[in-house]
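# Observations on the three-dimensional arrangement
Now for the letters of each chain:
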Amino acid sequence: MKHINTLTDGKYYDSLAIRSAPELLSARKARRLGRICLLALILFILALFLPWRQTIPGRGMVTALRPEDRSQTIQNQIGGRIEYWAVMDGQEVKQGDTILVISETSQSYFNPELPERLGEQLNSFEGTEVAAEQQMSAVRTQLSALSSGLQLQLSAAENKVKQRENLVRMDSADLQAVRTYYATSQARLVRYEEGYKNGLFSLTDIETRRLKLQEDLAKVVSAENKLANSRQDYINSLIELDNIRVNFRESEAKAQSSLSSAFSSKVKAQGDIAKLRNEISNVSIRRGLYVVRAPQSGFVVKTLKAGVGENIKEGESIATLQPKEPLVAVEIYVDAMDVPLIDDTSDVRLQFEGWPSVQFSGWPAVAVGTFAGKVAVIDRVSSPNGKYRLLVRQTIPAPTGDEAWPDRLRQGSGVFGRVILRSVPLWYEIWRQLNGFPPSLEKEPAKEFK
């Protein structure tokens, strides 16, 4: 039984071999397949030596090259109450057009006649300044009169002092003469007394000389008293001269005090005048700020406040404005590893969202629907995401075969770009990608990146 099964199995396998023979390749087909594989290998090897343009990819959005061309918010400079909206979302405005009208909410500026009342206060302070100036002029005149009077009084007092001094000298000379006479009388009396003892003179002569001596002594005492009185008059004249000077200094000090008070009043009035003029100017400027105007021509993208009667604070954003004719640029972000290979002359191929395009990484010349750009700015510091921002401007004039950037580009639209670097063999690019190396640097950038 086993032998029969074995024979049966052998026939089965033989029949399988006969049936699979048509499915096997013939020797001719095998040689053809080998040639095809060899040709494919040769083409692949040749393709490895094809030039490949290295690029640095980056994503970003459409923006503006100049800060004044980017969308901005419009703020009111003073707080107030919304009275009237002069625009709506999407409306085109020109520089100086009215955006919003507000009314006053501060109690300090409620009075509609506030400028007139401030003007009256200003006139009052100006009058105070004029009065202070007149008072200063009067005090200066008083000082001048005091100075002139002092000179006259000083001259008279000094002359009086000189006269008293001369009298003292005269009285001193008279006293000296009288004393000399008195001494002579004493000497004569002594001689007469000696002569009387010797019998040369009589008693009458002695008595006459004694009376003469008493008269000369009286003259000496009178001359001494006169000299003392002259000296006292001289001292009094000096005291009077000093009193004149002291009185002048006192009067001068009072006048100077009055002058200082007048000057202080004038300075205070000038300060109040300057303060009032500043307040009047502020009120005038504030009233001009009730109307919020467009800082430049553009489009009102969105109003940030709603309704009428709503209060808004000082410096609060009320609308977003997009400038009318911005200098469009593109900001894309690249890895920090690639930044040293980019300078401000690098070319960029850009693909805008909403514009169909086919872009080839290594062959930018065959890309379809892409636009040319050139690096304008390279940030010196990285963004919060760790990448560096590139600002790309439009290449003007556009390269041959390229079109200018679309006029309908709007800020905020997405962009995909590739910074164009050097050409390398395809095998090198594959090897670089597999190893995660940065693109090759053909030469050092000519300028320091911005």
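Conventions we followed
- Residue positions are given per chain, counted from 1 along the sequence in the order it is written.
- Confidence filtering applies because this is a predicted model: local features only for residues at pLDDT of at least 70, side-chain atom pairs given and counted only at 80 or more, and all residues used for totals across whole chains, interfaces and linings.
- Heavy atoms throughout the structure, all of them, feed into the side-chain values; hydrogens and water do not.
- Here a strand is any run of E in DSSP of at least two residues, a helix any run of H or I of at least four, and the numbering for each starts at the N terminus.
- What makes two residues a contact is simply this: any of their non-hydrogen atoms within 4.5 Å.
- Nine residue types can take part in a nonpolar core, namely buried Ala, Val, Leu, Ile, Met, Phe, Trp, Tyr and Cys, and a core is a set of them joined through side-chain atoms within 4.5 Å.
- For each residue, the accessible area found with a 1.4 Å probe, counting protein chains only, is set against the maximum for its type, and the residue is called buried under 20%, exposed over 50%, and partly exposed in between.
- Strand pairing requires that DSSP identify at least two bridges connecting the strands.
- Basic side-chain nitrogens of Lys or Arg form a salt bridge, by our definition, when they fall within 4 Å of a carboxyl oxygen of Asp or Glu.
- Each Phe, Tyr or Trp ring (for Trp, its six-membered ring) is paired with any other whose centre lies within 6.5 Å, and the angle between the two planes then decides the class: stacked below 30 degrees, edge-to-face above 60, tilted in between.
- A patch consists of residues exposed above 30% relative accessible area that lack any salt bridge, with like charges linked at up to 9 Å and nonpolar side chains (Val, Leu, Ile, Met, Phe, Trp, Tyr) linked at up to 5 Å.
- Using the Shrake-Rupley algorithm and a 1.4 Å probe, accessible areas are obtained, with residue cover drawn only from the displayed protein chains.
- Definition of a polar contact: a pair of N or O atoms within 3.5 Å, with one able to donate and the other able to accept a hydrogen when the atoms are protein atoms, and with sequence-neighbouring residues admitted only if both atoms are side-chain atoms.

### Observations concerning the overall build of the protein chain
When helices and strands are tallied, the protein chain shows five helices and 14 strands. Taking all contacts inside the protein chain whose residues are at least 6 apart in sequence as the whole, residues at least 24 apart take part in 78%.

### Some points on the side chain of Ser383
Inspection of the secondary structure puts Ser383 in the loop between β12 (371–378) and β13 (388–394). When neighbours within four sequence positions are excluded, Ser383 is seen to be in contact with Tyr333 and Arg389.

### Details of the nonpolar core
Membership of the largest hydrophobic core comes to 22 residues, with the highest contact counts inside it found for Val330, Ile342, Leu350 and Phe352. At the level of elements, β1 (51–64), β10 (328–334), β11 (347–352), β12, β13 and β14 (414–425) are the ones that each hand at least two residues to this core. Discounting residues that sit within four places of it in the chain, Phe352 has contacts with Val62, Val330, Phe371, Trp405, Pro406, Leu409, Gly414 and Val415. Core analysis: the second largest hydrophobic core is formed by 17 residues, Ile82, Leu100, Val292 and Val300 among them.

### Re the environment of Ala376
Among the structural elements, Ala376 can be located in strand β12. Exposure remark for Ala376: the relative accessible area of 14% places this residue in the buried category.

### Looking at the pairing of strand β7 (residues 298–303)
If a strand is regular, its side chains alternate between the two faces of the sheet. Across two bridges, the pairing between strand β4 (residues 92–93) and β7 is antiparallel. Bridge assignment links Glu92 to a residue of β7, and that residue is Phe299. Sheet topology note: the β7/strand β9 (residues 317–323) ladder contains five bridges and is antiparallel. The residue bridging Phe299 from the neighbouring strand is Gln322, located in β9.

### Things to note about the pattern of salt bridges
Across all of its chains, the model carries 22 salt bridges by this definition. Across the salt bridge formed by Arg286 and Glu104, the nearest N and O atoms sit 2.8 Å from each other. Of this pair, Arg286 sits in helix α4 (residues 203–288) while Glu104 is found in the loop between β5 (98–103) and α3 (114–197), placing the two residues 182 residues apart along the sequence. In this structure Glu104 comes out as buried when scored by relative accessible area, which is 15%. Where Arg389 meets Asp379, a salt bridge forms, and the shortest distance between an N and an O atom there is 3.0 Å. On the criterion of sequence distance, the pair formed by Arg389 in strand β13 and Asp379 in the loop between β12 and β13 is long-range, its members being 10 residues apart. Asp379 carries the same exposure label as Arg389, and that label is buried. Three or more residues are tied together by salt bridges with common partners; here these are Arg66, Glu68 and Asp69.

### Focus: the sheet that holds β7
With antiparallel pairing, four strands are arranged side by side in an open sheet as β2-β9-β7-β4. A single partner strand is all that each edge strand has here, and the edge strands are β2 (72–75) and β4.

### Things to note about the packing of aromatic side chains
According to the stated counting rule, one finds two aromatic pairs in the structure shown. Ring geometry for Phe352 and Phe371: centres 5.3 Å apart, planes at 45 degrees, overall tilted. Here Phe352 is found in strand β11, whereas its partner Phe371 is found in strand β12, with 19 residues between them in sequence. Exposure class is identical for Phe352 and Phe371. Each is buried. Pairing Phe352 with Trp405 gives two aromatic rings, centres 5.6 Å apart and planes at 70 degrees, and the pair type is edge-to-face. With a gap of 53 residues between them, Phe352 in strand β11 and Trp405 in the loop between β13 and β14 connect regions that are remote in the sequence. Note on accessibility: Phe352 and Trp405 belong to one class, buried.

### Digging into the sheet that holds strand β8 (residues 311–312)
What the four strands build is an open sheet, ordered β6-β5-β3-β8; its pairing is antiparallel. In the strand order of this sheet, the two ends are held by β6 (291–293) and β8, each with one partner. Pairing geometry for β5 and β6, over three bridges, is antiparallel. Along β6, the bridge assignment pairs Val101 with Val291.

### Observations regarding the environment of Ser346
Structurally, Ser346 can be placed in the loop between β10 and β11. The exposure class assigned to Ser346 is buried, which follows from its relative accessible area of 7%. Along the backbone, Ser346 and Ala376 are 30 residues apart, and their C-alpha atoms lie at a distance of 8.8 Å. Setting aside anything within four residues of it in sequence, one finds Ser346 in contact with Gly373, Lys374, Val375 and Val419.

### A few points about a nonpolar patch on the surface
Together, Leu38, Leu39, Leu41, Ile42, Leu43, Phe44, Ile45 and Leu46 line one region of the surface with nonpolar side chains, adding up to about 770 Å² of accessible area. Along the chain, the position of Leu38 falls in helix α2 (residues 27–47).

### Some remarks on the side chain of Arg349
Locating Arg349 in the fold gives a position in strand β11. Of note is the side chain of Arg349, whose polar atom sits 2.9 Å from the side chain of Thr370. A distance of 2.6 Å separates the side chain of Arg349 from the side chain of Asp402, its partner in a polar contact.

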